[in-house]
Amino acid sequence: MATPNQLMVTAPETLPTPILFKIEGMEPDTQLQVFDQTFLVHSSALKLHSTYFRKFLDSPDKPTTFTGKYRYSWVTKLDGNGPEWSLVSDHTMEPGVEENLSGFSGDKRAAGKGFHAFLCAIYNRPYAVESTVELQTLANHGDYYMAMPAVSATVFAAVRKSGSFVRTLPGSASKVIVIAAKMRNEELFRECLVYLINPWVSPRYTSLEDPAILHSAKLAYNQLCARVSKAQEALVLVANAHPVRVMDGATWEHAVGGLLFRGASGFIINGRILLPKFFRTIYAAITANGHPQAREIENILKPLFKNNLMLTGAHAIAGEDVYQDSFLCVEIEDVDLPWDVTEEPRY
């Protein structure tokens, strides 16, 4: 008599439901098979945004007639045994013989998800990028299928939708900034730059390997240093211009000197001062106590507390909590980006 285990039969794996991209008044004429996932799309959308598909969907080697439901049918083809793959017209395959995909060492579901995001960029439909790996996959598709402008135009909204991506960006900024430069996405590049110029005592941009990106980061860091230096000079001038009508010189020197100079001892780490936190402390103390020179000092320090992080929003405060040693006011001019923003899209 068979045991229960012997009677168990493994159910066949259910294939994913085909994903249909809709355009009002137009039926899909193209079938794209990414491993087990089928996408039903419009050749007009592919040709409009992808130089690759514009060039190869109707290239001279393709048949001029079709007998199936779809004018174009492309399938997955492996590039050797490994994680690399691409789409090719099914007419290039031997009739009746399917591509052997057993040698694929990657994640088929992840591949389908990544290509789905790419098609959403093509169609300008909402999608989310959850990780640096997914972002790199999207960039690879944009590059290979020569559709980077469509990807770049949608990617910042896609990462904004992902809380996990935003939370991990401070630690992955050195990788993401390279992808952002490849995509030529200004918002994501600038977001990464804020994290890499910090922390103040040991900025992380120095570990960047790409010469062009490193050069841009150096320019942004030097500009920040100039602003901080100017603020320090202005504070010294305020400290040496006591309001005679309010208090005598000795009292003023003791009050301001204790705050601006002797009070810095608690912010020193490894011979460097946590200037963001120090400036924030000065700002809070002077504005809270009705200091005679409060307005002047506020005008000096407030610009340094500007938050240029667009993904974290008001949750990030320069000089406080995890940003106690960070100036979030990092800026970079368009002309200092590692690509020419006036140049026509490459594809």
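The rules behind the values
Along each chain, the written sequence defines residue order, and numbers are assigned to residues from 1. Selection of residues for local features in this predicted model requires a pLDDT of at least 70, selection of side-chain atom pairs for listing and counting requires 80 or more, and totals for whole chains, interfaces and linings are taken over all residues. Side-chain metrics in this entry use all non-hydrogen atoms of the structure; hydrogen atoms and water are not considered. Under the scheme applied here, a residue whose accessible area is under 20% of the maximum for its type counts as buried, over 50% as exposed, and between as partly exposed, the area being computed with a 1.4 Å probe on protein chains only. Note on conventions: DSSP H or I runs of at least 4 residues are helices, E runs of at least 2 residues are strands, and numbering of each starts at the N terminus. A strand pair is defined by DSSP finding two or more bridges across the two strands. Note on contacts: a residue pair is in contact if any heavy atoms of the two residues lie within 4.5 Å. Between N-to-C directions, angles cover 0 to 180 degrees, with each direction set by a line fitted to C-alpha atoms, over the stretch in contact for helices. Arc definition: directions from the helix axis to the C-beta atoms. When a carboxyl oxygen of Asp or Glu lies within 4 Å of a side-chain nitrogen of Lys or Arg, that pair is called a salt bridge. In this analysis a 1.4 Å probe is tested at points of a 1 Å grid over the protein atoms alone, and where it fits but cannot get out there is a cavity; an open set with protein on both sides within 12 Å along at least five of seven lines is a pocket; lining residues have an atom within 4 Å of a point. Grid points are joined across faces, edges and corners, and a volume is the space filled by probe spheres set on the points. Gly counts as polar in this scheme, as do all residues outside two lists: the nonpolar Ala, Val, Leu, Ile, Met, Phe, Trp, Tyr, Cys and Pro, and the charged Asp, Glu, Lys and Arg.

**Student:** I'd like to hear about the pairing of strand β2 (residues 30-34), residue by residue, with values.
**Tutor:** Side chains T30, L32 and V34 of β2 all project onto a buried face; the interleaved residues Q31 and Q33 project onto a face where none is buried. Across five bridges, β2 lies against strand β3 (residues 37-41) in antiparallel orientation. Across the sheet, the residue bridging to Q33 is T38, located in β3. Between β2 and β3, which pair antiparallel in sequence order, lie two residues; one of them, F35, sits at a positive phi of approximately 55 degrees. With three bridges joining them, β2 and strand β4 (residues 72-78) adopt parallel strand pairing. Bridging across to β4, T30 finds its partner in Y72.

**Student:** Could you give an account of the environment of V322, naming the residues involved and the relevant values?
**Tutor:** By the secondary structure assignment, V322 is in the segment after α12 (294-301). Residue V322 is classed as exposed on the basis of its relative accessible area of 71%. C-alpha of V322 to C-alpha of P199: the two residues are 123 residues apart in sequence and 9.9 Å apart in space.

**Student:** Help me get a handle on the sheet that holds strand β5 (residues 85-89), residues and values and all.
**Tutor:** Pairing is mixed in the open sheet, where five strands are placed in the order β1-β3-β2-β4-β5. Only two strands of the sheet have a single partner each, and these edge strands are β1 (19-20) and β5. Two strands pair when backbone bridges link them, and β1 and β3 are joined in this way by two bridges, in the parallel orientation. Looking at β3, one finds that I19 is bridged to F39. This element, helix α4 (residues 108-123), spans β1, β2, β3 and β5 of the sheet and lies at about 10 degrees to β3.

**Student:** I'd love a proper account of α12, names of residues and values included.
**Tutor:** Burial in α12 covers these residues: A294, I297, I300 and L301. Viewed end-on, α12 has its buried residues packed into an arc of 125 degrees, placing them on one side of the element. Of the exposed residues in α12, those oriented more than 90 degrees away from the buried face are R295 and N299. The inward-facing, buried residues of α12 contact α9 (211-239) and α11 (275-288).

**Student:** Which residues make up the pattern of salt bridges, and what values do they have?
**Tutor:** Applying the stated criterion to the full structure yields eight salt bridges. Across the salt bridge formed by E298 and K302, the nearest N and O atoms sit 3.9 Å from each other. Looking at E298, the relative accessible area reads 21%, which means it is partly exposed. Accessibility expressed as a relative area gives 48% for K302, which makes it partly exposed.

**Student:** Give me the layout of surface pockets: which residues, what numbers.
**Tutor:** Considering only enclosed or pocket space, the largest pocket measures out at about 710 Å³ in volume. W85, A111, T137, N140 and H141 are the residues nearest the centre of the largest pocket, which is lined by 28 residues in total. Only β5, α4 and α5 (132-144) provide two or more residues apiece to the lining of the largest pocket. It is α5 that contributes the most residues to the lining of the largest pocket, eight residues altogether. Of the residues in the lining of the largest pocket, the class split is 14 nonpolar, eight polar and six charged.

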